[in-house]
Amino acid sequence: MKWARAFLLLLCLPLLPACSTVDPVTGKSVNNMYLIQDDIQIGREVMADAVVTMRKDGVAINRDAAQVAKLRTMVQRITSVSHLPDLPYEVTLFETNIVNAFAAPGGQVGVFTGLYHPEMGLVKDDDELAAVIGHEIAHVTCRHTTESLTKQMPLQWVMLGASIYAEAKGKENLALGLGVGFLAYQGLLLPKFSRADEAEADAVGLMYMAKAGYDPNAAIRIWERAASRGNDSRLTAMFSSHPTDANRAKALKKMLPQAMEEYERARLRYSN
Ligand SMILES: [Zn+2]
């Protein structure tokens, strides 16, 4: 029934004028038709759908209690220094070999255990994990999903729904593996972030992790590692769809001195 509501929204929205809102991160005026409450609602629905779909595919959700607790603490530390500390942040851990993490709007963060798999994973320590989480949280606080939905209306809305995922999986033989299936699903549900959005999430996320007391050098390490791996098919959306991981590392290096200042300040706070 919730998708029926989405369709109603779809019918109504083109009649509304695009509304200008203030971006919580930049303070600049941006086009976003959605209220922050919509971000929260959409994010919850997307995550609930992801959980149902993945469970059907046999993926365990939040099974590793210690890891979930660690992720929650990390999300709490990072969001508390973010531009939107009061969103209802939630992190969900999917036990599968996908090397990725994702953010749905309104505070929903998903992490796949493949992200820190000892051999295949990309993340080797807590600072590196915090770099990924910081990046995802930045997508949330910058409201990239609803900004993008505002631009791409209404096609994305038409494609919403897990039934579309199931259909695509069957018809186009996308069921080659869970990773591929999930990517199709994610692509249908959430708009792809633009390169500019990715660059913004890198920059904003770097400052978040540093302010939260995680070593910002870790962000550069993971992008350099991603670049050195080249076209590894296991490095999905976040780590392979970006044209030049090496360039991202370079851009982050430029911001490092400022991030290090924040990190040193935060370290004093956390050591007390
Ligand atoms: Zn991103």
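Residues numbered from 1 in each chain as written. Predicted model: local features only at pLDDT ≥ 70, side-chain atom pairs only at ≥ 80, totals over all residues. Heavy atoms only, no water.

K.L.:
It is not clear to me how unusual backbone geometry should be interpreted in this structure. Could you clarify?
P.N.:
Most peptide bonds take the trans configuration, and most residues that are not glycine carry a negative phi. In the Ramachandran plot, Asn62 falls in the positive-phi region, its phi being about 50° despite a non-glycine side chain. The residue Asn62 is located in the loop between strand E3 (60-61) and helix H3 (65-80) in this model. On the basis of relative accessible area, Asn62 is assigned to the partly exposed category, the value being 29%. The backbone phi angle of Arg143 is positive, close to 55°, even though this residue is not glycine. Relative to the elements of secondary structure, Arg143 occurs in the loop between helix H4 (126-141) and helix H5 (144-152). For Arg143, a relative accessible area of 7% puts it in the buried group. (Helix = DSSP H or I, 4+ residues; strand = E, 2+ residues; numbered from the N terminus. Buried < 20%, exposed > 50% of the residue type's maximum accessible area, 1.4 Å probe, protein only.)

K.L.:
Looking at this model, I keep getting lost on empty space enclosed by the protein. Mind explaining?
P.N.:
It is a probe the size of a water molecule, rolled over the atoms, that shows where empty space is left. Counted under the stated rule, the structure contains 2 cavities of 30 Å³ or more. Its volume calculated, the largest cavity comes out at about 70 Å³. Looking at the largest cavity, it is lined by 12 residues, and the ones nearest its centre are Ala131, His135, Asp202, Ala219 and Trp223. Those elements giving two or more residues to the lining of the largest cavity turn out to be H4, helix H9 (195-211) and helix H10 (217-229). No other element matches the 4 residues that H9 contributes to the lining of the largest cavity. A breakdown of the residues in the lining of the largest cavity according to their chemical character gives 9 nonpolar, 2 polar and 1 charged. (1 Å grid on protein atoms, 1.4 Å probe; cavity = no way out; pocket = protein on both sides within 12 Å on 5 of 7 lines; lining within 4 Å. Points joined across faces, edges and corners; volume = space filled by probe spheres on them. Nonpolar A, V, L, I, M, F, W, Y, C, P; charged D, E, K, R; others polar.)

K.L.:
How should I be thinking about the coordination of the zinc ion in this particular structure?
P.N.:
Each pair of donors in an ideal four-coordinate tetrahedral metal site encloses 109.5 degrees, whereas pairs in an ideal six-coordinate octahedral site enclose 90 or 180 degrees. At the metal site, the zinc ion is ligated by His135 (NE2), His139 (NE2), Glu198 (OE) and Glu198 (OE), and these contacts range over 2.1 to 2.8 Å. Of note is the zinc ion, whose 4 donor atoms meet at the metal with angles of 51 to 140° in an arrangement that counts as irregular. In the primary structure, the donors to the zinc ion are separated according to the pattern H-x3-H-x58-E. Of this pair, His135 and His139 both sit in helix H4, 4 residues apart, which is roughly one turn of the helix. Classification of His135 by relative accessible area gives buried; the value is 3%. (Donors = N, O, S within 2.8 Å, 3.2 Å for Na, K, Ca; no water. Tetrahedral: all angles 85-135°; square planar, octahedral: opposite > 155°, others 65-115°.)

K.L.:
I keep staring at the nonpolar core and nothing clicks. Help me out?
P.N.:
One broad rule of soluble globular proteins: the nonpolar side chains tend to lie buried together. If you look at the biggest cluster of nonpolar residues, it comprises 49 residues, and the most contacted ones within it are Ile78, Val111, Leu115, Ile133, Ile137 and Met209. At the level of elements, H3, strand E4 (90-95), strand E5 (101-104), strand E6 (108-112), H4, H9, H10 and helix H12 (245-271) are the ones that each hand at least two residues to this core. It is H4 that provides the largest number of residues to this core, a total of 8 residues. Apart from the residues lying within four places of it in its own chain, the contact partners of Ile133 are Leu71, Met74, Val75, Ile78, Val109 and Val111. Ranked by size, the runner-up nonpolar core spans 10 residues in total, among them Ala50, Met54, Ile98 and Phe102. (Core = buried A, V, L, I, M, F, W, Y, C linked by side-chain atoms within 4.5 Å. Contact = heavy atoms within 4.5 Å.)

K.L.:
Mind showing me how you'd approach the confidence of the model for the chain here?
P.N.:
Where the model shows low pLDDT, its predicted coordinates should not be examined in detail. Of the residues in the chain, 72% have a pLDDT of 70 or more, and the chain-wide mean is 78. Taken element by element, the chain is modelled with least confidence in helix H6 (residues 155-158), mean pLDDT 43, and with most confidence in H3, mean pLDDT 98. Confidence over residues 1-18 falls short of pLDDT 50; this stretch has 23 contacts with residues more than four positions distant or in other chains. (pLDDT = per-residue confidence, 0-100.)

K.L.:
Just to check I follow, could you spell out H4 for this structure?
P.N.:
Given 3.6 residues per helical turn, the α-helix brings residues three or four places apart onto the same face. Here H4 spans 22 Å end to end across 16 residues, near enough to the 22 Å set by a 1.5 Å rise per residue. For H4, the tally of buried residues reaches 14 of 16 residues, placing the bulk of the element in the interior. Its side-chain oxygen 3.1 Å from the backbone nitrogen of Asp127, Asp125 forms the N-cap of H4. Positive backbone phi, at 55°, marks Arg143, one or two positions downstream of H4. (Expected span 1.5 Å × (residues − 1). Polar contact = N/O pair within 3.5 Å; in protein donor to acceptor, adjacent residues only side chain to side chain.)

K.L.:
For this particular structure, what's the right way to read the pattern of salt bridges?
P.N.:
Pairing of side chains with opposite charge becomes possible as their charged atoms draw close. Within the structure shown, the criterion is met by 11 salt bridges. Ionic pairing is found between Lys70 and Asp126, a salt bridge with its closest N-O pair at 2.8 Å. With Lys70 in helix H3 and Asp126 in helix H4, this residue pair connects regions lying 56 residues apart in the sequence. Its relative accessible area of 36% is what places Asp126 among the partly exposed residues. Taken together, the shared-partner salt bridges in this structure form one network comprising Asp125, Glu128, Arg221 and Arg225. (Salt bridge = Lys/Arg side-chain N within 4 Å of Asp/Glu carboxyl O.)

K.L.:
So what exactly am I meant to see when it comes to the sheet that holds E5 here?
P.N.:
Sheet strands pair by backbone hydrogen bonding; their relative direction is either parallel or antiparallel. Pairing is mixed across the open sheet formed by 4 strands, whose spatial order is E3-E4-E6-E5. The two strands at the open ends of the sheet, each matched to only one other strand, are E3 and E5. Inspection of the sheet shows E3 paired to E4 by 2 bridges, in the antiparallel sense. Each residue of the ladder has a partner; that of Ile61, found in E4, is Phe94. Sitting on the sheet, helix H2 (residues 36-56) touches E3, E4, E5 and E6, and the angle it makes with E4 is about 15°. Helix-sheet contacts for H4 involve E5 and E6, and the interaxial angle to E5 is about 20°. (Pairing = 2+ DSSP bridges. Axes fitted to C-alpha atoms, helices over the stretch in contact; angles between N-to-C directions.)

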